[in-house]
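These are the residues of each chain, in order.
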Amino acid sequence: MKVRPWYVVLSMLVPSVATADDCPRPGEGARQLVSEPYVVSFVAESGVIPVGEHFTIVAGVCRAGMPFVGDVQVSADMPAHGHGMNYRPEVVTLGPGRYRVSGMMFHMPGNWRLVFTLDDETGRHVLATESDVR
Amino acid sequence: MTPSPRRIVSIFAWLVGTVLAIVAGASSATSLVEFTESERYFIESHGPWPPPVVVDPGNRFSGDPRAVELGERLFSDVRLAAVEGMACEFCHRRDRAFTDGLVVGVGRQVLARNTPTLFNLAYNRWFGWDGAADSLWAQSIRPIIAQAEMNADAGIVRRLFETDPIYRTALSGMLEIPVGELGDDAVLALAGKLLAAFQETLVTPRTPFDEFRDALLSADMARAARYPLAAQRGLKLFTGEGQCSLCHFGPSFTNGEFANIGISHMIPNDGVDRGRLAGMRKLKESVFNLTGPFNDDVTRANAVGTRQLRFRHTAFGEFRVPGLRGVAATAPYMHNGSLATLEEVVRHYSELDMDRLHVHGGQILRPLHLSDEQIGDLVAFLESLGATPPGNTSQSGQVIEKQQYDGHAEQ
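Below is a short write-up of the structure.

Rules used in this analysis
Residues numbered from 1 in each chain as written. Chains lettered and ligands numbered in written order. Predicted model: local features only at pLDDT ≥ 70, side-chain atom pairs only at ≥ 80, totals over all residues. Heavy atoms only, no water. Contact = heavy atoms within 4.5 Å. Buried area = accessible area lost by both parts, 1.4 Å probe. Salt bridge = Lys/Arg side-chain N within 4 Å of Asp/Glu carboxyl O. Polar contact = N/O pair within 3.5 Å; in protein donor to acceptor, adjacent residues only side chain to side chain. Helix = DSSP H or I, 4+ residues; strand = E, 2+ residues; numbered from the N terminus. Nonpolar A, V, L, I, M, F, W, Y, C, P; charged D, E, K, R; others polar. Pairing = 2+ DSSP bridges. Disulfide = S-S within 2.5 Å. Buried < 20%, exposed > 50% of the residue type's maximum accessible area, 1.4 Å probe, protein only.

Details of the interface of chain B and chain A
Alright, step 1. Counting residues at the interface gives 21 residues for chain B, matched by 25 residues for chain A.
Alright, step 2. Counting the surface chain B buries against chain A, the share from its top three residues, B:Y41, B:Q308 and B:R310, is 30%.
Alright, step 3. Inspection of the region where chain B meets chain A yields zero salt bridges.
Alright, step 4. Applying the counting criterion to the chain B and chain A interface returns ten residue pairs in polar contact (both at pLDDT 80 or more).
Alright, step 5. Those elements that place two or more of their residues in the side of chain B that touches chain A are helix 2 (37-45), helix 12 (244-247) and helix 14 (304-307) of chain B.
Alright, step 6. Tallying contributions element by element places helix 2 of chain B first for the side of chain B that touches chain A, with four residues.
Alright, step 7. Looking at the side of chain B that touches chain A, its residues break down into ten nonpolar, six polar and five charged.

Let's talk about the pairing of strand 8 (residues 90-95) of chain A
Residue and element names in this part refer to chain A.
Alright, step 1. Here strand 8 runs beside strand 9 (residues 98-105); their pairing, made up of five bridges, is antiparallel. What sits directly across from V92, in strand 9, is R100.
Alright, step 2. Linking two consecutive strands that pair antiparallel, namely strand 8 and strand 9, is a turn of two residues; a positive phi of about 75 degrees is found at G97 within it.

Things to note about the state of the cysteines
Alright, step 1. The tally for this structure, following the rule as stated, stands at one disulfide over all chains.
Alright, step 2. Disulfide pairing places A:C23 opposite A:C62 at an S-S distance of 2.2 Å. Note on the A:C23 and A:C62 pair: the S-S dihedral is about 125 degrees, so by sign convention the disulfide is right-handed. Here the residue A:C23 occupies a position in the loop between strand 1 (3-8) and strand 2 (31-35), and A:C62 occupies one in strand 4 (residues 54-63), the gap between them amounting to 39 residues. A single burial state applies to A:C23 and to A:C62, both of which are buried.
Alright, step 3. As a non-bridged cysteine, B:C91 has B:C88 as the owner of its nearest cysteine sulfur, 9.1 Å distant.

If you want it as structure tokens, here you go:
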């Protein structure tokens with residue numbers, strides 16, 4: 001299965017060169033979500049997002065070019081169908097600003113919205129992107 | 001020179017043959033339905049078949065020929081039940097695609113749900129209509145100890161393993177400690193794993209649909225054109241306008257998850273079958289789930305779905321999306337066996353009662369108001385998911401004759 005390009009909904013997709021150098025990068029092919037001063041870079045651990053199978057995401061999260069300090073939650077839903085995932089992803093911190101998100105599953109093909117929710121001392125910040133997953 | 005009568009006949013025959021060939025060619029050229037890019041994507045997703053052999057990391061006996069043999073023996077062994085004459089195959093009949101052909105199952109008591117087929121279980125994520133088991137071996141334990149079904153217990157299973165020389169001898173070479181020293185749950189887990197090893201071998205064979213899919217993908221149009229037009233039209237509806245492939249996704253024609261499709265969840269005596277909502281609770285409470293001590297995968301990587309299951313109130317009335325391979329042989333249909341034929345199933349979707357669907361279901365499902373011809377086309381497609389035409393019986397027993405609605409177990 002292949003993953004089609006991700007399209008940003010609530011934030012902007014920008015080239016990796018536009019972000020601060022200290023921001024952790026999860027690996028080759030990572031996508032970026034930017035909602036200044038927050039940047040989320042993420043990639044599927046296996047390189048592809050399958051349909052109907054569990055997968056894991058690794059992500060780097062930054063605030064103002066520094067590793068993010070706070071709480072990170074990840075969710076996903078299909079806006080057109082009005083349902084989310086049947087599983088609750090588990091976010092584990094790997095190091096400063098680095099996270100591993102397991103238990104993801106897109107149980108049908110179509111347009112999925114991936115949402116990163118960041119909580120810090122300034123409040124809640126939501127970065128989201130949509131993609132046609134096939 | 002005037003041609004001879006024989007020459008005239010020869011030329012005439014050539015002309016007739018040429019015309020017939022042209023007509024046949026034109027017919028062949030028009031005997032393929034045109035599929036959109038999206039429909040082709042879904043068609044591709046429904047294969048290849050058969051998929052690679054799967055070994056269950058949670059079952060140390062998965063793929064072990066000794067276990068397969070013992071499991072098959074156990075499957076037919078009436079001593080496994082505390083009910084005279086009952087065995088697994090009492091309900092999962094080999095001559096009925098491992099179903100019973102009844103509306104709902106009948107063990108010691110009449111049950112609330114239809115008996116599902118055992119084919120292609122090796123590829124499932126969840127087991128049972130409500131997904132109360134996260135492994136085939138755990139699911140295999142359930143009917144053995146269910147009071148309404150086989151009503152056995154660990155003691156009965158242990159005695160069987162200890163007293164029957166075939167089980168005793170074989171197991172002594174497979175286990176580190178004697179069966180007699182295993183705890184009750186361990187004995188049941190052992191029986192479940194042997195049964196699972198056998199059931200994993202039950203895989204439906206290739207079908208006319210698979211021939212069509214592979215031919216289409218390889219652009220072998222002459223071969224693809226052998227697939228009946230009605231089935232092609234049904235496939236187009238299935239993968240296109242009907243959106244059936246969203247849930248009936250992948251090589252097994254199921255995404256392995258759950259859906260509410262507006263089938264009644266009421267059961268006799270004013271009961272309610274809560275479906276997946278209850279299944280999730282049973283799963284979490286089971287000592288045999290994959291987070292427990294009987295999972296043979298020491299990494300517990302195979303337990304991710306159980307660990308991270310999300311409790312959803314919308315799971316009320318949801319039931320597992322069944323695979324569709326060999327579906328023509330497994331009537332009646334739905335979790336409660338309430339639809340007798342494939343035509344009834346298609347008509348149910350065609351005239352969906354939106355008031356009976358949860359909101360999220362309603363955003364995927366909608367009544368299609370299909371014509372009789374379209375309904376026939378979808379049925380033709382569904383029938384093409386069996387290896388042999390309805391009415392035939394394969395030697396392997398993997399595809400069984402089309403079942404007629406029995407109805408005598410309608411309670």
